[in-house]
Amino acid sequence: MAYRRLPWALPALSWLLTTPVAAQVSPYAGLEAREIKALSDTEIASYLAGDGMGLALAAELNGLPGPKHVLELADSLDLTDEQRNRARAIFDAMRAQAAELGRDIIAAERVLDSAFASGGIDRTALDAMTARSAALEGTLRFTHLAAHLDMRGVLTSDQIRRYAALRGYSDPAHPGHDPAHHSSQSSRP
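Note that residues are indexed from 1 along each chain, following the sequence as it is written. It should be noted that, the model being predicted, local features are given only for residues of pLDDT at least 70 and side-chain atom pairs only at 80 or more, the latter also being counted only at that level, while totals for whole chains, interfaces and linings use all residues. With hydrogens and water excluded, all non-hydrogen atoms of the structure serve as input to the side-chain values.

### Considering helix 7 (residues 157-166)
Working step 1: Accessible area is worked out with a 1.4 Å probe on protein chains only. A residue is then buried under 20% of its type maximum, exposed over 50%, and partly exposed in between. Think of it this way: any DSSP run of H or I at least four residues long counts as a helix, any run of E at least two long counts as a strand, and we number them from the N terminus. Within the sequence span of helix 7, burial applies to Ser157, Gln159, Ile160, Tyr163 and Ala164. Along helix 7, the residues classed as buried sweep out an arc of 160° about the axis, all on the same side.
Working step 2: What makes two residues a contact is simply this: any of their non-hydrogen atoms within 4.5 Å. At its buried positions, helix 7 is contacted by helix 3 (57-60), helix 4 (67-72) and helix 5 (81-118).
Working step 3: Just beyond helix 7, the residue with positive phi is glycine 168, at close to 85°. Think of the arc as the fan of directions from the helix axis to the C-beta atoms.

Below, the structure is given as C-alpha coordinates:
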(Lines give C-alpha, C1' and ligand atoms only; values in the text may rest on other atoms or scores of the structure.)
Protein backbone atom coordinates (compact mmCIF):
# COMPACT_ATOMS: atom_id res chain seq x y z
CA MET A 1 0.00 0.00 0.00
CA ALA A 2 2.92 2.34 0.66
CA TYR A 3 4.04 1.80 -2.93
CA ARG A 4 0.70 3.06 -4.24
CA ARG A 5 1.17 6.37 -2.37
CA LEU A 6 4.79 6.80 -3.43
CA PRO A 7 4.03 8.09 -6.96
CA TRP A 8 2.03 10.95 -5.43
CA ALA A 9 4.91 11.87 -3.10
CA LEU A 10 7.61 11.87 -5.78
CA PRO A 11 6.54 15.15 -7.47
CA ALA A 12 6.37 16.93 -4.12
CA LEU A 13 9.76 15.57 -3.08
CA SER A 14 11.22 16.47 -6.46
CA TRP A 15 9.90 20.04 -6.14
CA LEU A 16 11.40 20.40 -2.64
CA LEU A 17 14.78 19.18 -3.81
CA THR A 18 14.95 21.43 -6.87
CA THR A 19 13.44 24.65 -5.50
CA PRO A 20 16.15 27.07 -4.37
CA VAL A 21 16.11 27.88 -0.69
CA ALA A 22 15.65 31.58 0.00
CA ALA A 23 18.77 33.28 1.28
CA GLN A 24 18.73 33.95 4.98
CA VAL A 25 19.15 37.67 5.52
CA SER A 26 21.53 38.42 8.35
CA PRO A 27 20.33 40.60 11.20
CA TYR A 28 23.54 42.55 10.51
CA ALA A 29 22.55 43.43 6.94
CA GLY A 30 23.03 47.15 6.43
CA LEU A 31 25.46 47.55 9.31
CA GLU A 32 28.39 47.18 6.94
CA ALA A 33 27.77 50.79 5.90
CA ARG A 34 28.59 52.12 9.38
CA GLU A 35 31.75 54.14 9.84
CA ILE A 36 32.70 51.89 12.77
CA LYS A 37 31.00 48.57 12.16
CA ALA A 38 30.65 47.53 15.80
CA LEU A 39 29.10 50.82 17.02
CA SER A 40 25.75 52.38 16.17
CA ASP A 41 25.30 56.14 16.00
CA THR A 42 23.34 55.92 19.26
CA GLU A 43 26.17 54.05 20.99
CA ILE A 44 28.72 56.57 19.75
CA ALA A 45 26.59 59.47 20.99
CA SER A 46 26.15 57.76 24.39
CA TYR A 47 29.90 57.18 24.74
CA LEU A 48 30.66 60.79 23.84
CA ALA A 49 28.06 62.08 26.31
CA GLY A 50 29.32 59.91 29.17
CA ASP A 51 25.94 58.19 29.50
CA GLY A 52 25.51 55.21 31.79
CA MET A 53 24.19 52.75 29.19
CA GLY A 54 23.19 50.30 31.93
CA LEU A 55 26.78 49.86 33.10
CA ALA A 56 25.87 50.51 36.75
CA LEU A 57 22.86 48.21 37.02
CA ALA A 58 24.65 46.05 39.60
CA ALA A 59 24.67 49.04 41.94
CA GLU A 60 21.38 50.67 40.90
CA LEU A 61 19.30 47.52 41.26
CA ASN A 62 20.93 46.55 44.53
CA GLY A 63 20.00 49.72 46.35
CA LEU A 64 22.83 52.14 45.56
CA PRO A 65 21.39 55.20 43.84
CA GLY A 66 23.22 56.95 41.04
CA PRO A 67 23.94 60.67 41.05
CA LYS A 68 22.07 61.45 37.83
CA HIS A 69 18.77 60.07 39.07
CA VAL A 70 19.29 61.44 42.58
CA LEU A 71 19.60 64.91 41.04
CA GLU A 72 16.49 64.30 38.91
CA LEU A 73 14.59 63.34 42.07
CA ALA A 74 16.21 65.97 44.31
CA ASP A 75 12.95 67.67 45.31
CA SER A 76 11.13 64.39 45.99
CA LEU A 77 14.08 63.21 48.08
CA ASP A 78 14.21 66.50 50.00
CA LEU A 79 17.90 66.91 49.33
CA THR A 80 19.70 69.60 51.28
CA ASP A 81 21.82 72.13 49.41
CA GLU A 82 24.92 70.27 50.59
CA GLN A 83 23.55 66.96 49.29
CA ARG A 84 22.69 68.53 45.94
CA ASN A 85 26.18 70.00 45.65
CA ARG A 86 27.85 66.71 46.53
CA ALA A 87 25.62 64.75 44.14
CA ARG A 88 26.34 67.30 41.37
CA ALA A 89 30.10 67.06 42.00
CA ILE A 90 29.98 63.24 41.87
CA PHE A 91 27.89 63.33 38.71
CA ASP A 92 30.05 65.93 36.94
CA ALA A 93 33.29 64.07 37.74
CA MET A 94 31.80 60.74 36.65
CA ARG A 95 30.39 62.17 33.45
CA ALA A 96 33.64 63.92 32.48
CA GLN A 97 35.69 60.77 33.06
CA ALA A 98 33.10 58.60 31.28
CA ALA A 99 33.05 60.91 28.23
CA GLU A 100 36.86 60.81 28.04
CA LEU A 101 36.81 57.02 28.25
CA GLY A 102 34.02 56.96 25.66
CA ARG A 103 36.23 58.87 23.22
CA ASP A 104 39.03 56.37 23.87
CA ILE A 105 36.67 53.43 23.31
CA ILE A 106 35.46 54.88 20.02
CA ALA A 107 39.07 55.41 18.92
CA ALA A 108 39.98 51.83 19.87
CA GLU A 109 36.99 50.48 17.95
CA ARG A 110 37.95 52.61 14.94
CA VAL A 111 41.46 51.10 14.99
CA LEU A 112 40.05 47.56 15.25
CA ASP A 113 37.59 48.21 12.44
CA SER A 114 40.32 49.66 10.21
CA ALA A 115 42.60 46.70 10.87
CA PHE A 116 39.91 44.28 9.73
CA ALA A 117 38.96 46.48 6.76
CA SER A 118 42.55 46.63 5.53
CA GLY A 119 43.13 42.93 6.08
CA GLY A 120 46.30 43.80 7.95
CA ILE A 121 45.47 42.09 11.21
CA ASP A 122 46.79 38.96 12.81
CA ARG A 123 46.10 37.18 16.09
CA THR A 124 48.80 39.08 17.98
CA ALA A 125 47.47 42.46 16.91
CA LEU A 126 43.92 41.33 17.54
CA ASP A 127 44.83 40.24 21.06
CA ALA A 128 46.35 43.65 21.83
CA MET A 129 43.43 45.56 20.32
CA THR A 130 40.72 43.60 22.10
CA ALA A 131 42.63 43.73 25.40
CA ARG A 132 42.77 47.54 25.08
CA SER A 133 39.04 47.76 24.31
CA ALA A 134 38.18 45.45 27.21
CA ALA A 135 40.33 47.45 29.63
CA LEU A 136 38.67 50.70 28.56
CA GLU A 137 35.19 49.18 28.90
CA GLY A 138 36.11 47.88 32.36
CA THR A 139 37.36 51.28 33.45
CA LEU A 140 34.21 52.92 32.10
CA ARG A 141 32.03 50.50 34.05
CA PHE A 142 34.10 51.09 37.18
CA THR A 143 33.60 54.85 36.74
CA HIS A 144 29.82 54.52 36.67
CA LEU A 145 29.68 51.99 39.52
CA ALA A 146 32.03 54.03 41.70
CA ALA A 147 29.72 57.05 41.39
CA HIS A 148 26.94 54.91 42.90
CA LEU A 149 29.26 53.89 45.74
CA ASP A 150 30.11 57.53 46.37
CA MET A 151 26.41 58.42 46.58
CA ARG A 152 25.82 56.18 49.57
CA GLY A 153 27.80 58.66 51.66
CA VAL A 154 25.53 61.49 50.55
CA LEU A 155 22.01 60.13 51.22
CA THR A 156 20.25 59.06 54.38
CA SER A 157 18.76 55.58 54.65
CA ASP A 158 15.28 57.12 54.37
CA GLN A 159 16.26 58.92 51.16
CA ILE A 160 17.65 55.68 49.74
CA ARG A 161 14.35 53.91 50.52
CA ARG A 162 12.38 56.75 48.92
CA TYR A 163 14.67 56.69 45.89
CA ALA A 164 13.99 52.97 45.45
CA ALA A 165 10.25 53.52 45.70
CA LEU A 166 10.31 56.50 43.30
CA ARG A 167 12.29 54.47 40.78
CA GLY A 168 9.83 51.59 41.09
CA TYR A 169 12.21 49.21 42.84
CA SER A 170 10.09 48.53 45.92
CA ASP A 171 9.27 44.92 45.22
CA PRO A 172 7.05 42.99 47.64
CA ALA A 173 8.37 39.79 46.04
CA HIS A 174 11.76 40.59 47.62
CA PRO A 175 10.84 41.57 51.19
CA GLY A 176 14.34 40.87 52.50
CA HIS A 177 15.90 43.46 50.21
CA ASP A 178 16.44 46.72 52.05
CA PRO A 179 18.31 49.15 49.80
CA ALA A 180 18.93 51.46 52.75
CA HIS A 181 21.16 48.92 54.47
CA HIS A 182 23.94 50.04 52.10
CA SER A 183 23.96 53.56 53.49
CA SER A 184 26.90 54.43 55.67
CA GLN A 185 25.19 57.69 56.60
CA SER A 186 21.88 56.39 57.96
CA SER A 187 21.66 59.13 60.57
CA ARG A 188 22.49 62.05 58.24
CA PRO A 189 20.03 64.96 58.41
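Let us keep going from here.
### Examining the nonpolar core
Working step 1: Working definition of a nonpolar core: buried Ala, Val, Leu, Ile, Met, Phe, Trp, Tyr and Cys residues. They are joined through side-chain atoms within 4.5 Å. If you look at the biggest cluster of nonpolar residues, it comprises 16 residues, and the most contacted ones within it are Val70, Leu77, Leu79, Met151 and Leu155.
Working step 2: Mapped by element, the contributors of at least two residues to this core are helix 4, helix 5, helix 6 (123-151) and helix 7.
Working step 3: Tallying contributions element by element places helix 5 first for this core, with four residues.
Working step 4: Excluding residues within four positions of it along the chain, methionine 151 makes contact with Pro65, Gly66, Pro67, Val70, Ala87 and Ile90.
Working step 5: Membership of the second largest hydrophobic core comes to 12 residues, among which are Leu39, Ile44, Tyr47 and Ala108.

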